[in-house]
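One-letter residues, chain by chain:
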Amino acid sequence: MANTSLQIPVRLTLAGPMRAHSDVEVRLMLGHDMETGFRHDSSGVRVPKNILETLTVKLNQTLIFEATLGTGMSANPMLFFPLTLPPEGGTLVVTWMDDQGRSGSTRKLLVYE
Amino acid sequence: MQLAAISASLCVTKSAQAEDLTQAHLKSRGLSEQGMTIDLPPLSDNSNAIPLQLAIQAPPGRRIQSFDIVAPENPNPLILRLKLPQPQARYRLSTRIRLAMTQEVWVIATLDDGQQLGKAAPIIVTATACFDET
């Protein structure tokens, strides 16, 4: 059985006033090399492709963001996007999957002032 | 065989794409760029991480359903495809991309009525991302 879990360092922060209905910016950074498969190492051996392929963000079980990443994304992919905070608070869940089908996720509790 | 290896190392192989993402085709579509802004540096020395910011404002009454970031001259032109399960009237995104060579980077948005908007931003790339061995 292949290892289907992929744990990577993730930075997930929210910029803006943490209040119900306020517009904030989700700042998401994933620690991944995003190997394109076009690169060769110093001994001339081709480095195999290994990228994060899909990325989803859920807010309280509702899908709000679904991205397909290509080799054109830089290493340590960074995505900043807007979000309107829900009145009741909740949890933000980020899930990723790489091109070998390994996946992982992280969550962040929305704490209001 | 040898030729294939050389062209692969030059990073010019194109993967099979169902969609036509060539510069000529994208340009010939004559997409409206109303309400779109792309913030991309005019010149890049480090093509491995080029900051790109985009903002899309949908026409009145319309919402943005998805959008693509496309670099026609990259070996894999489709950089990012973003779907918004809850369509938005306006959206913005900041990210970092890799580019193989000097080209125009396109952002193509699809609205909830199926209409598409598209805008291109030119950039000069002095060092391709494909030769980097660090």
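Residues numbered from 1 in each chain as written. Chains lettered and ligands numbered in written order. Predicted model: local features only at pLDDT ≥ 70, side-chain atom pairs only at ≥ 80, totals over all residues. Heavy atoms only, no water.

(A) Summary view of the environment of I8 of chain A. Residues and elements named next belong to chain A. Along the chain, I8 turns up in the segment before β1 (10-15). Of the residues examined, I8 reaches a relative accessible area of 13% and is grouped as buried. Distance from I8 to G104, taken between C-alpha atoms, is 7.9 Å for residues 96 residues apart in sequence. (Helix = DSSP H or I, 4+ residues; strand = E, 2+ residues; numbered from the N terminus. Buried < 20%, exposed > 50% of the residue type's maximum accessible area, 1.4 Å probe, protein only.)

(B) The arrangement of the side chain of K119 of chain B in detail. Looking at where K119 of chain B falls in the secondary structure, it is placed in strand β8 (residues 116-125). There is a polar contact of 3.5 Å between the side chain of K119 of chain B and the side chain of E33 of chain B. (Polar contact = N/O pair within 3.5 Å; in protein donor to acceptor, adjacent residues only side chain to side chain.)

(C) Focus on the packing of aromatic side chains. Under the criterion given, the structure shown has two aromatic pairs over all chains. Here the aromatic rings of F65 of chain A and F81 of chain A are separated by 4.1 Å at their centres, their planes lie at 20°, and the arrangement is stacked. One end of the pair, F65 of chain A, is in strand β4 (residues 62-69); the other, F81 of chain A, is in strand β5 (residues 78-84), and 16 residues separate them in sequence. In this structure F65 of chain A comes out as buried when scored by relative accessible area, which is 0%. Assessed through its relative accessible area of 1%, F81 of chain A is described here as buried. Geometrically, the ring pair formed by F67 of chain B and Y91 of chain B is tilted, given 6.0 Å between the ring centres and 55° between the ring planes. Residue F67 of chain B is located in strand β4 (residues 64-70), and its partner Y91 of chain B is located in strand β6 (residues 90-97); the two are separated by 24 residues in the primary sequence. F67 of chain B sits in the buried class, given a relative accessible area of 0%. (Phe/Tyr/Trp six-rings, centres within 6.5 Å; stacked < 30°, edge-to-face > 60°.)

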